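Single-letter residue listing:
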Amino acid sequence: MAFPRGGKRGMGASTRLRGEDAHWSSRKAAALVGILVATILVAYFVPLLPRGRGSQGSEGSDSISSSSSDSHLPHAHHHLKAASQGRPATEQQIFLKPEQFVGQSDVETEALRRQVKEVYVKKTPAAASARKKHSCPVVLLHGARFSAATWEKTETLKALAAAGYESYAVDLPGSARSQGKVAMAYRAAFMQALFVALGLEGRAPALVSPSMSGSFSFRFLQAHPEALAAFIGVAPVDNAELHDDTLHTLPMPVYMVYGQKDAAGARVSKRLATAPKGATLMIPRGTHPCYLDNPKLFNSKLIEFLDKAVAQ
């Protein structure tokens, strides 16, 4: 049979191509099977290998333990940030439990332990490089829309530490990392019990109280006017809870701070400044949370006031 020119050669080439295609397909199939087997082996054996320090979760990281992770440990109320990595702990995350709140009567104690579920406090010690370390601790409360973390954002805790002050930034019950809700009638008792739980009883702390936290601080001042070394109010509410006769006999320095745009804060500040050692600071162009409008000015004036108050 006669073939067209080049016909046998074309058929041979076609046969070779089909053979090569089949060979290539079998290689691809083998490679895919190898990848699948390797994937299965990795998935099975890797979890069985010893885990290094870097993969040990919270024990080998800088993360702050949550309140839920501490709740099953009856005595684990304190977590030292970075301590697990062997670095010097500079901040202490404290979670106070209900049983740590003791009132001045059985009724107060029972009420506080029923209403307080957990209270978060961030303790920042005075910096080792501070020229002078002050014995007066500073306790910082917060407004309704804020928390202890606010004082980190404004770098107030850092500024206090650099100036030699130990500070305690508190999440009030029902805010941020704290749980529960304290009735108005027991807010003075809560503050007293909080100072005792933090080991501040007898140390006469300075108290920074913005906005909503006035519902705690003014009731405390009315009940314990001698308990503080200094009071710093930032347009706090409920100032009527501090009666005139108490206000005009307060023994500690009082510093009232308000923003230029905050008319209500200005009225409260002017009233509280009538205390025997009262003074005011207006933050230019400041709003109600004026410490956010000019943190550097607020921090510098706060430390300046504390230095004078501690020296008295």
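This text goes with the structure placed above it.
Residues numbered from 1 in each chain as written. Predicted model: local features only at pLDDT ≥ 70, side-chain atom pairs only at ≥ 80, totals over all residues. Heavy atoms only, no water.

### Things to note about helix 11 (residues 295-311)
In this model, helix 11 (17 residues) spans 24 Å end to end at C-alpha, consistent with the 24 Å of a helix rising 1.5 Å per residue. For helix 11, the full list of buried residues reads Phe298, Asn299, Leu302, Ile303, Phe305, Leu306 and Ala309. Buried residues along helix 11 cover an arc of 165° about the axis, so they all sit on one side. In helix 11, the exposed positions that point more than 90 degrees away from the buried face belong to Lys296, Lys308 and Ala311. (Helix = DSSP H or I, 4+ residues; strand = E, 2+ residues; numbered from the N terminus. Expected span 1.5 Å × (residues − 1). Buried < 20%, exposed > 50% of the residue type's maximum accessible area, 1.4 Å probe, protein only. Arc of directions from axis to C-beta.)

### Things to note about the side chain of Thr109
With respect to the helices and strands, Thr109 occurs in helix 3 (residues 106-115). For Thr109, a relative accessible area of 12% puts it in the buried group. A polar atom in the side chain of Thr109 sits 2.8 Å from the backbone nitrogen of Gly103. In this structure Thr109 touches Phe101, Val102 and Gly103, once residues within four positions along its chain are discounted. (Polar contact = N/O pair within 3.5 Å; in protein donor to acceptor, adjacent residues only side chain to side chain. Contact = heavy atoms within 4.5 Å.)

### Digging into the nonpolar core
Residues Phe101, Val119, Val121, Phe190, Met191 and Leu194 are the most contacted members of the largest nonpolar core, which totals 37 residues. Mapped onto this core, the elements with two or more residues apiece are strand 2 (92-96), strand 3 (116-124), strand 5 (167-171), helix 6 (187-197), helix 7 (214-223), strand 9 (254-259) and helix 9 (263-272). If near-sequence neighbours (up to four positions away) are discounted, Phe101 is found in contact with Leu96, Thr109, Leu112, Arg113, Val116, Val119, Phe190, Ala193 and Leu194. In this structure, Tyr120, Val138, Val208 and Leu302 belong to the second largest nonpolar core, which totals 30 residues. (Core = buried A, V, L, I, M, F, W, Y, C linked by side-chain atoms within 4.5 Å.)

### Considering unusual backbone geometry
Phi at Asp238 is positive, roughly 60°, even though this residue is not glycine. One non-glycine residue, Arg285, adopts positive backbone phi at about 60°. Along the chain, the position of Arg285 falls in the loop between strand 10 (278-283) and helix 10 (290-293). When its relative accessible area of 63% is taken as the criterion, Arg285 is described as exposed.

### Examining helix 3
Buried within helix 3 are the following residues: Thr109, Ala111, Leu112 and Gln115. The buried residues of helix 3 occupy an angular sector of 165° when projected down its axis, which confines them to one face. In helix 3, the exposed positions angled more than 90 degrees off the buried face are occupied by Asp106 and Glu110. On its buried side, helix 3 packs onto strand 3, strand 6 (179-180) and helix 6.

### With respect to the packing of aromatic side chains
Summed over the entire model, instances satisfying the criterion amount to ten aromatic pairs. With a centroid separation of 4.6 Å and 10° between ring planes, the pair formed by Tyr255 and Phe305 is classed as stacked. Taken together, the residues span a long stretch of sequence, with Tyr255 in strand 9 and Phe305 in helix 11 at a distance of 50 residues. Ring-pair connections join several aromatic residues into one group, and the members of that group are Phe146, Trp151, Tyr291 and Phe298. Between the NZ or CZ atom of Arg177 and the centre of the ring of Tyr120, over which it lies, the distance is 3.9 Å. (Phe/Tyr/Trp six-rings, centres within 6.5 Å; stacked < 30°, edge-to-face > 60°. Lys NZ or Arg CZ within 6 Å of the ring centre and 35° of its normal.)

### Details of the pairing of strand 10
Examined bridge by bridge, strand 9 and strand 10 share six bridges and lie parallel to one another. Following the sheet pairing, Val257 is matched in strand 10 by Leu281. What joins strand 9 to strand 10 is helix 9, and the crossover it makes is right-handed. (Pairing = 2+ DSSP bridges. Right-handed = clockwise from strand over helix to strand, strands pointing away.)

### Details of the pattern of salt bridges
All told, the structure shown has eleven salt bridges when counted by the stated rule. When the shortest N-O distance is used, the salt bridge between Glu118 and Lys97 registers 2.1 Å. One end of the pair, Glu118, is in strand 3; the other, Lys97, is in the loop between strand 2 and helix 3, with 21 residues separating them in the sequence. No difference in accessibility class separates Glu118 from Lys97, as the two residues are buried. Across the pair Glu166 and Lys123 runs a salt bridge whose closest N-O atoms are separated by 4.0 Å. (Salt bridge = Lys/Arg side-chain N within 4 Å of Asp/Glu carboxyl O.)

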